[in-house]
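Chain by chain, the residues:
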Amino acid sequence: MSLHLAASVPDRQLDVALERPGGTSLAVLGPNGSGKSSLLGVLAGLLAPARGRVELDGRTLLDVDATGVRAWVPAHRRRVALLAQDPLLFPHLDVLDNVAFGPRSAGLPRREARALARRWLGEVDAGDLADRPAHALSGGQAQRVALARALAAEPELLLLDEPLASLDVDVAGAVRATLGRVLAGRTTILVTHDVLDVALLADDVVVLEAGRIVEAGPARDVMRMPRSAFAASLFGLNLVTGVAIGPEALRTPDGWIVAGLADQPLSQGEPALAVFQPAAVSVHLHAPSGSPRNTVAGLVTALEPLGHLVRVRVGDLKADITPAAVADLGLVVGNRVHLAVKAAEVTLDPAPTREGSPRR
Amino acid sequence: MSLHLAASVPDRQLDVALERPGGTSLAVLGPNGSGKSSLLGVLAGLLAPARGRVELDGRTLLDVDATGVRAWVPAHRRRVALLAQDPLLFPHLDVLDNVAFGPRSAGLPRREARALARRWLGEVDAGDLADRPAHALSGGQAQRVALARALAAEPELLLLDEPLASLDVDVAGAVRATLGRVLAGRTTILVTHDVLDVALLADDVVVLEAGRIVEAGPARDVMRMPRSAFAASLFGLNLVTGVAIGPEALRTPDGWIVAGLADQPLSQGEPALAVFQPAAVSVHLHAPSGSPRNTVAGLVTALEPLGHLVRVRVGDLKADITPAAVADLGLVVGNRVHLAVKAAEVTLDPAPTREGSPRR
Amino acid sequence: MPDSALRSPRLRTRQAPVGLPHWAALPAGLAVAFLGLPLLAMLSRVSWGQFPALVTSESSRAALALSLRTSVAATVLCLLLGVPLALVLARARFPGQHLVRALALLPLVLPPVVAGIALLYTFGRRGLLGETLQVAGIQVAFSTTAVVLAQTFVAMPFLVISLEGALRTVGQRYDEVAATLGASPTTVLRRVTLPLLAPALASGTVLAFARALGEFGATITFAGSLQGVTRTLPLEIYLQRETDADAAVALSLVLVVVSAVVIAVSRRTRSPW
Amino acid sequence: MPDSALRSPRLRTRQAPVGLPHWAALPAGLAVAFLGLPLLAMLSRVSWGQFPALVTSESSRAALALSLRTSVAATVLCLLLGVPLALVLARARFPGQHLVRALALLPLVLPPVVAGIALLYTFGRRGLLGETLQVAGIQVAFSTTAVVLAQTFVAMPFLVISLEGALRTVGQRYDEVAATLGASPTTVLRRVTLPLLAPALASGTVLAFARALGEFGATITFAGSLQGVTRTLPLEIYLQRETDADAAVALSLVLVVVSAVVIAVSRRTRSPW
Amino acid sequence: ASGPTEGAPASAGAGGELTVLAAASLQSPFTRLGEVFEATFPGTTVTFGFAGSSDLVAQLQQGAPGDVLATADTATMGRAAADGLLSGAAQPFATNTMVIAVPAGNPAGIGAFADLAAPDVAVVVCAPQVPCGAATAQVEASTGVTLSPVSEEGSVTDVLGKVSTGQADAGVVYVTDVAAAGDAVEGIGIPPDANTTNSYPIAVLAASGAPELAGRFRDLVLGAQGREVLADAGFGAP
Ligand SMILES: Nc1ncnc2c1ncn2[C@@H]1O[C@H](COP(=O)(O)OP(=O)(O)OP(=O)(O)O)[C@@H](O)[C@H]1O
Ligand SMILES: Nc1ncnc2c1ncn2[C@@H]1O[C@H](COP(=O)(O)OP(=O)(O)OP(=O)(O)O)[C@@H](O)[C@H]1O
Ligand SMILES: [Mg+2]
Ligand SMILES: [Mg+2]
């Protein structure tokens, strides 16, 4: 009960390898065009890698090496269901028959397949759409139906490409809860741009950039202490890279010195990174007196509401402060400000190698 | 320089009227299938209402009444550009020519149209995709190109249907900043499920539910004090409705009594609503001693990470507390807890009428 | 009312269509006139008094019945062989594909009479397969089977080519989705590819049926012309023409009516989306 | 190597195709055999010694040149009139639409000879338009123009029907997008609708050209058979057959070669996506 | 109305264009005679329109241009005359008789017309509607043999095609057809008393723009040279 994947697709600049224990779910994160959908395509059997090997529960789904194709299980015999980024509901079937398509293909009689389809439609809050023709749906409705259709296929491996992207808040919350229930014990790979999906649905995370895995690890570790700029940005954390200048301090290329706490002491001269919460950053109009450590100056590039706080962006750095503080400081975009963070709030770590540093 | 719309499309259960001063942007919010895309379709000339009237800058684009079609300007002469929910890039053109399509249609020579297209591609961070065939793009890349294509048409009215839905965090931030710049002074209607879009891009908001406008007002008012359950949920606020039992208190159908501050005193017996921040809600394992006002008991239905806080859901209510507090209380899903909120944190208001209560 | 002119572009559907260019009406109208005038001219020449007798004569009825039977059989054969061929041409990649595609067009360019000769060379008594067939006890010569073969030969390309064009136009995204849902290629074909192609399949079938119904040259060359066995309506019309051109024209109207019925039926069975 | 068999399903493209059902190869192969055997039989009968003289004789060359000229002209006419007609049929809604669609199929079911008679009834000296044309000094029948008209009449339905099927299959979502970007209906047609239809347009054009090239019955009836003026290659082949069937077959190979060239060219000009 | 010679000198002699419409069965002898004519009158061009006789008359009725018409039977020429298409009377220039055509080697062993009635012999004939079919019916009547053909074709060419490919065991066609078909078929004669004779008439057309030249072509066909060429092709004297 496990998944092994190694594949390189030169056309898409994709070159990845990963190993998943059965029954767990993996979130794939990364910028647009980094190869997330292509990765799913290889697993689903829609994209043939130039080289690669896919094994699912001991079955070899794909084995291509320099000598040629040694094994190739076609898409329909892989027991891998894919919810693609585009819903692509069959336009000639109604909603119910779209969802019943998988069960019917698996050989279920029409009645049972439809009953099953009705159940899955209910799960994604789309039970009332059952009799609609597939083309008469709104964007979010179509996405929900497509999700139900993928789930109804009851595959061994479930691939979900941004399953909640166009759902409204209430439904997204409800469907996320449903998925949490449904995915338990099911081998799943989930592409997402949403933090909540990672937090609520994923056991582990990989981050792709330009077709390579740049970070991998358990979801909670990556959320707490991301090592890639992309993950840090996604999880709303500040990430600063530089060179260690002591066991618990680094210097950035800009010359900023950041002190913090390290699990194991840094080796001087080695690359290192520092991560801290935007809420731990304070904003000052003048350089704070007292200890000048961990203070950097810059221009405010944006002010964004964030729940009941305001996020102040200064270049790549973020500071979350209260609206009252914004008013007190009279902050507007373009102000020159000083950001400070207490060393006790900063976590230091050796920087990851090029290939990411899987923590397992 | 203004937009007037009144339209009813019985097939889509849509029946709306709105009025926009020129040069402003309106965010349209609402659940899936509430008619947001249909509204844009009517404006763009892709959907013919059974009755309705659209005027843009004094031009009558559409006038249909019981006696028939009195005016109908076809889509291509409306100077209304639509970025639909589905990117629909022309598959036979490359990216650059997709974006240059609008300028070329407006009569620009090929060279100039391409130069313009290149500029817009740059604006959405997709300059390096210019020479790709349109079908060889990732989901997010295609959406960026479609956005550039709509912007490049330089319309009098710009309609954007979830323009940032599948963009990655970094790009979404950058494109949102670009849009903020580009939309300034341009009449725009923007469909979104994202709070940040409302906060950063919209002057005003309407909320659609089942094809009707249930709420309308300036963006900051709606964000602070939503009157529809949907908007409250979207902006992460708690909204409770009930009947006024005094000038500054209401009772919910469940019998919960909520006291708070009201701008104008409530009239006893009239419907009223109360809005408060999740962060203002405290969670207790036992009914708090002291004043029992504004306390309600329930089961924890979900615990979600939210930045550096944890969101505790109890039915429809949300409370944001620190992870430390969660640990101290030993909270897990299914716990019975008591929620309390200080009256000073609760804003009370008369409930909106059925048709919403536009604040202008 | 002065503004009644404004109401003219009636919007009948909710979904407002993107307009066609106005000028398109001109060539389209010309096309209709060009196709319609000869029909009018034909109608104006028919002596309607004679018509019922002519059309219900024994030879005419036998010819019509035969034509319908053979055309239906030929269309079925075209579907059975042509749909797979179109699929293979549009979706598979194999060496010699260009040759096969060219082959599928062959009967289109061959003058039908030559097609008949080629069929004689193949299935005739002294043809390539003639002896084999004779040994197997199959007698193709001068039989209704020969008519069906001739019609199938000339009609198949219409189905294949129009279907292949449509297959390329639709692409295979839906087929891929179906495969990831566990549908075998056969299921994909039956439940996705063909239903999606319904309009093109319908027009291809109509084309093939019509071509089979109107087939003359290959039939007379390959199958001969015997009442009730091989003399289809076009052959009957040809013979009528020898003595009375106007009678032949009148009889052709029967073909026109049959085709109109076929179109009406093919419209009705078209999927509703 | 023992595992060489495993390598057989070569994946030539990155995009792994969704497989066709294996059984499809059987009927497709049968179709190929059915279409290919007659060609083989023909080739086996050609006396290659005679071939060059036959093919390069003055009458053959004149016929081939005429055939090519008229078929190209007819195909252009088909495109000019047929594409708008297909668009109107697929996209517009108007009363009598079913009638017009049936009309577009008419020449398909009419035996070509009857089509020729109908054209004579229309454009002939005693035809519907005959007098009008005569007054205008235009003599249509029995001229090269008549050949082009006959070919256009029989070939147009192929273009119209296959294009209409494809238009319905593609839908008009891209057309709508183009309209919201400010493209006039003409621009939409030129820059979106037609390019998207490229494969179907190509196969429709090939069908129409091939039908025009092979046209015989309507031509001989409506245009006659004058060498260099109206005697196209199929007519020449018909005449040859009077004396020597094998010579007619050999000459038909010229048509086959021409069609192969047309297909090759139409493949090359097809848009690359 | 102006004929096809418009622009050319109307006077016959040197130069001029001539359009001859002739039955398809006359193709080879007429083509040869055309060459002879062009050699005799340098500068003239003869263009032939070959088709079935009834096609030709139908075309003329609809205004087809032409100077000379030669048909394969008198009935169709009669139709042309009745329509006033001819200038002067038509004159017979050749005759044709029926013959039994069998594939090379005569595999069915046909010896006489009566053998065609045997049940296992596949015979093809022309349909009674066309001239050769009418002639065949006359032969049947005069011999008292009733055929049950496997096919009644629309033209002689189709009958001959079936025979030459061996598809049919025998067919009834014109003598000239067997002569033109070469080695592929053999002819088995029908006794003159049982046979029918069919006459080929030729006429100058009323619409001719060059009646003089047309008359000369007709005279060539009717003359000794014409007779010789036609006899080579198997035609009998009128
Ligand atoms: N059909 C295709 N043909 C060729 N290249 C493609 C195709 N689809 C995507 N690409 C390219 O391959 C790379 C990976 O694309 P992929 O769709 O896997 O990205 P993604 O991570 O899913 O992005 P997104 O978040 O935007 O969906 C990109 O550079 C993209 O432009
Ligand atoms: N093409 C169509 N034909 C008929 N009904 C449709 C069509 N498209 C949408 N509908 C229906 O019309 C209603 C409004 O749909 P619309 O697309 O406007 O919703 P929306 O607010 O855009 O939703 P979403 O957030 O999911 O995109 C829904 O009930 C939907 O099912
Ligand atoms: Mg993707
Ligand atoms: Mg929508």
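**Considering the overall build of chain C**
Thinking step 1. Within chain C, the regular secondary structure consists of 13 helices and zero strands.
Thinking step 2. By element, 66% of the accessible surface of chain C is carried by carbon and sulfur atoms, the whole surface being about 10,100 Å².

**Some thoughts on the packing of aromatic side chains**
Thinking step 1. Counted by the stated rule, this structure contains 24 aromatic pairs over all chains.
Thinking step 2. Of the aromatic side chains, those joined through ring pairs into one cluster are F30, F37, F41, F48, F50, F93, Y200, F217 and F235 of chain E.
Thinking step 3. One residue, R78 of chain A, lies across the ring of W72 of chain A, its end atom 4.8 Å from the ring centre.
Thinking step 4. For the cation-ring pair, R119 of chain B lies above W120 of chain B, with the distance from its terminal atom to the ring centre recorded as 5.1 Å.

**Let's talk about the pairing of strand β11 (residues 212-218) of chain A**
Residues and elements named next belong to chain A.
Thinking step 1. Counting buried positions along β11 gives six out of seven residues, so the element sits mostly inside the fold.
Thinking step 2. The pairing of strand β10 (residues 204-209) with β11 spans six bridges and is antiparallel. Bridge pairing in β11 places E209 opposite R212.
Thinking step 3. Linking β10 to β11, which pair antiparallel, is a turn of two residues; within it A210 sits at a positive phi near 45°.

**Some words on the site of ligand 2**
Thinking step 1. If you check the shell around ligand 2, you find 20 residues, and the closest are R132, S138, G140 and Q141 of chain A together with S38 of chain B.
Thinking step 2. More than one chain reaches ligand 2: the nearby residues come from chains A and B.
Thinking step 3. In the model, an oxygen atom of ligand 2 is placed 2.6 Å from a nitrogen or oxygen of the G140 of chain A main chain.
Thinking step 4. For ligand 2, an oxygen atom lies 3.0 Å from a polar atom in the side chain of N32 of chain B.
Thinking step 5. Those elements that place two or more of their residues in the shell around ligand 2 are α5 (139-152) of chain A together with α1 (36-44) of chain B.
Thinking step 6. Grouping the amino acids of the shell around ligand 2 by side-chain chemistry returns three nonpolar, 13 polar and four charged.

**Observations concerning the coordination of the magnesium ion (ligand 4)**
Thinking step 1. The coordination sphere of the magnesium ion (ligand 4), as far as protein atoms go, consists of S37 of chain B (OG) and Q85 of chain B (OE1), spread over 1.9 to 2.2 Å. Here Q85 of chain B lies in the loop between β7 (80-83) and α2 (95-99) and S37 of chain B lies in helix α1, a separation of 48 residues in the sequence.

**Quick notes on the site of ligand 1**
Thinking step 1. Close to ligand 1 lie 20 residues; S37 and S38 of chain A together with R132, S138 and G140 of chain B are nearest.
Thinking step 2. Lying at an intersection of chains, ligand 1 is approached by residues of chains A and B.
Thinking step 3. A136 of chain B is positioned such that a nitrogen or oxygen atom in its backbone is 3.3 Å from an oxygen atom of ligand 1.
Thinking step 4. S138 of chain B places a polar side-chain atom, nitrogen or oxygen, 2.6 Å from an oxygen atom of ligand 1.

**Quick look at the relation of the copies chain D and chain C**
Thinking step 1. The transform that puts chain D on chain C rotates by 180° and translates by 0.0 Å along the axis, for an RMSD of 0.2 Å. Taken together, the rotation angle and the small translation identify this as a two-fold axis.

**Observations regarding the interface of chain D and chain C**
Thinking step 1. Each partner contributes to the interface: chain D provides 101 residues, whereas chain C provides 99 residues.
Thinking step 2. Note on chain D versus chain C: buried area summed over both sides is about 8,800 Å², and carbon and sulfur give 81% of it.
Thinking step 3. When the buried surface of chain D facing chain C is broken down by residue, F34, L35 and Y121 of chain D rank first, second and third, together holding 9% of it.
Thinking step 4. The tally of links from chain D across to chain C stands at zero salt bridges.
Thinking step 5. Our enumeration of links across chain D and chain C arrives at two residue pairs in polar contact (both at pLDDT 80 or more).
Thinking step 6. Broken down by element, the residue count for the side of chain D that touches chain C peaks at 15 residues, all from helix α1 (residues 25-45) of chain D.
Thinking step 7. Taken together, the residues of the side of chain D that touches chain C sort by class into 72 nonpolar, 17 polar and 12 charged.

**Some details on the environment of S8 of chain A**
All names here are of chain A.
Thinking step 1. Along the polypeptide, S8 turns up in strand β1 (residues 2-9).
Thinking step 2. Take S8: its relative accessible area is 16%, and that puts it in the buried class.
Thinking step 3. On a C-alpha basis, the gap between S8 and A199 in space is 29 Å, while along the polypeptide they are 191 residues apart.
Thinking step 4. Beyond its immediate stretch of four places on either side in the chain, S8 contacts L14, D15, P49, A50 and R51.

**Considering the side chain of T152 of chain C**
Thinking step 1. Its location among the elements puts T152 of chain C in helix α7 (residues 144-170).
Thinking step 2. Take T152 of chain C: its relative accessible area is 0%, and that puts it in the buried class.
Thinking step 3. Here T152 of chain C is in contact with A74, L77 and C78 of chain C together with F34 of chain D, once residues within four sequence places are set aside.

**Some words on the state of the cysteines**
Residue and element names in this part refer to chain E.
Thinking step 1. Counted by the stated rule, this structure contains one disulfide over all chains.
Thinking step 2. Each sulfur in the disulfide pair C126 and C132 lies 1.8 Å from the other. With the S-S bond torsion at -105°, the cross-link from C126 to C132 turns out left-handed. Note on accessibility: C126 and C132 belong to one class, buried.

**Points about the interface of chain C and chain A**
Thinking step 1. With 18 residues of chain C at the interface, the matching set in chain A holds 21 residues.
Thinking step 2. A combined buried area of about 1,800 Å² lies between chain C and chain A, and 69% of that area is made up of carbon and sulfur atoms.
Thinking step 3. Interface area lost by chain C to chain A is led by T180, L181 and R191 of chain C, which between them contribute 39%.
Thinking step 4. Here chain C and chain A share one salt bridge between them.
Thinking step 5. Residue R173 of chain C pairs with D86 of chain A through a salt bridge whose shortest N-O separation is 3.5 Å.
Thinking step 6. Here chain C is connected to chain A by two residue pairs in polar contact (both at pLDDT 80 or more).

**Focus on the packing of helix α1 (residues 25-45) of chain C against helix α5 (residues 112-123) of chain D**
Thinking step 1. Following both chains from N to C, one finds α1 of chain C and α5 of chain D inclined at 90°, their axes separated by 8 Å at the closest point. For the element pair α1 of chain C / α5 of chain D, the angle class is roughly perpendicular. For the pair α1 of chain C and α5 of chain D, contact is made by F34, L37, P38, A41, M42 and R45 of chain C and by V114, A118, L119, Y121, T122 and F123 of chain D, respectively.
Thinking step 2. Split into classes, the residues belonging to the contact of α1 of chain C with α5 of chain D amount to 10 nonpolar, one polar and one charged.

**With respect to empty space enclosed by the protein**
Thinking step 1. As a volume, the largest cavity reaches approximately 550 Å³.
Thinking step 2. Lining of the largest cavity is provided by 34 residues; of these, Y238 of chain D together with G52, S53, G154 and S155 of chain E occupy positions nearest its centre.
Thinking step 3. Among the secondary structure elements, those contributing two or more residues to the lining of the largest cavity are α12 (233-243) of chain C, α11 (217-222) and α12 (233-243) of chain D together with α2 (53-61), α4 (131-143) and α5 (156-164) of chain E.
Thinking step 4. In terms of residue class, the lining of the largest cavity is built from 18 nonpolar, nine polar and seven charged.
Thinking step 5. Considered as a void within the structure, the second largest cavity measures approximately 320 Å³ in volume.
Thinking step 6. Considering the residues around the second largest cavity, the lining is formed by 26 residues, among which P112 and R211 of chain C together with P112, R211 and E215 of chain D are closest to the centre.
Thinking step 7. Looking at the lining of the second largest cavity, the elements with two or more residues in it are α4 (97-109), α5 (112-123), α7 and α10 (198-214) of chain C together with α4 (97-109), α5, α7 (144-170) and α10 (198-214) of chain D.

**What about helix α8 (residues 173-180) of chain C?**
Thinking step 1. Taken across its eight residues, α8 of chain C has six buried, putting it largely inside the fold.
Thinking step 2. Of all the residues in α8 of chain C, the buried ones are D175, E176, V177, A178, A179 and T180 of chain C.
Thinking step 3. Each element contacted by the buried residues of α8 of chain C is listed here: α1 (36-44), β7 (80-83), α3 (101-105) and α5 of chain A together with α3 (58-91) and α9 (185-196) of chain C.
Thinking step 4. One or two steps after α8 of chain C, the chain reaches G182 of chain C, where phi turns positive at roughly 95°.

**Section: the pairing of strand β17 (residues 281-284) of chain B**
Regular strands show a simple pattern: their side chains alternate between the two faces of the sheet.
All names here are of chain B.
Thinking step 1. Where burial is concerned, the two faces of β17 differ: the one with V281 and V283 is buried and the one with S282 and H284 is not.
Thinking step 2. Here β17 runs beside strand β22 (residues 336-341); their pairing, made up of four bridges, is antiparallel. Note that in β22 the partner of V281 across the bridge is V341.

**Here's the deal with the nonpolar core**
Thinking step 1. L85 and F222 of chain C, L85 and F222 of chain D together with L69 of chain E are the most contacted members of the largest nonpolar core, which totals 182 residues.
Thinking step 2. Once you skip the residues sitting within four places of it in the chain, F222 of chain D turns out to touch G116, L119, L120, F123, V140, A141, F142, A146, L149 and A150 of chain D.

**With respect to a nonpolar patch on the surface**
Thinking step 1. Taken together, L40, L43 and W48 of chain C together with L128 of chain D make up a surface patch of nonpolar side chains, about 380 Å² in accessible area.
Thinking step 2. Its place among the elements puts L43 of chain C in helix α1.
Thinking step 3. We classify L43 of chain C as partly exposed; its relative accessible area is 31%.

**Describing the confidence of the model for chain C**
Residues and elements named next belong to chain C.
Thinking step 1. Put simply, chain C has an average pLDDT of 82, and 89% of its residues get 70 or more.
Thinking step 2. Averaged over each element, pLDDT in chain C is lowest for helix α13 (residues 245-268) (75) and highest for α3 (92).
Thinking step 3. Per-residue pLDDT stays below 50 along residues 1-16; that stretch engages in 27 contacts with residues further than four places along the chain or on separate chains.

How each quantity is defined
Residues numbered from 1 in each chain as written. Chains lettered and ligands numbered in written order. Predicted model: local features only at pLDDT ≥ 70, side-chain atom pairs only at ≥ 80, totals over all residues. Heavy atoms only, no water. Helix = DSSP H or I, 4+ residues; strand = E, 2+ residues; numbered from the N terminus. Areas by Shrake-Rupley, 256 points an atom, 1.4 Å probe, with all protein chains shown as cover. Phe/Tyr/Trp six-rings, centres within 6.5 Å; stacked < 30°, edge-to-face > 60°. Lys NZ or Arg CZ within 6 Å of the ring centre and 35° of its normal. Buried < 20%, exposed > 50% of the residue type's maximum accessible area, 1.4 Å probe, protein only. Pairing = 2+ DSSP bridges. Near = heavy atom within 4 Å. Polar contact = N/O pair within 3.5 Å; in protein donor to acceptor, adjacent residues only side chain to side chain. Nonpolar A, V, L, I, M, F, W, Y, C, P; charged D, E, K, R; others polar. Donors = N, O, S within 2.8 Å, 3.2 Å for Na, K, Ca; no water. Least-squares fit on C-alpha atoms with pLDDT ≥ 70 in both. Contact = heavy atoms within 4.5 Å. Buried area = accessible area lost by both parts, 1.4 Å probe. Salt bridge = Lys/Arg side-chain N within 4 Å of Asp/Glu carboxyl O. Disulfide = S-S within 2.5 Å. Axes fitted to C-alpha atoms, helices over the stretch in contact; angles between N-to-C directions. Parallel < 35°, antiparallel > 145°, perpendicular 65-115°, else oblique. 1 Å grid on protein atoms, 1.4 Å probe; cavity = no way out; pocket = protein on both sides within 12 Å on 5 of 7 lines; lining within 4 Å. Points joined across faces, edges and corners; volume = space filled by probe spheres on them. Core = buried A, V, L, I, M, F, W, Y, C linked by side-chain atoms within 4.5 Å. Patch = residues over 30% accessible without salt bridge, like charges linked within 9 Å, V, L, I, M, F, W, Y side chains within 5 Å. pLDDT = per-residue confidence, 0-100.

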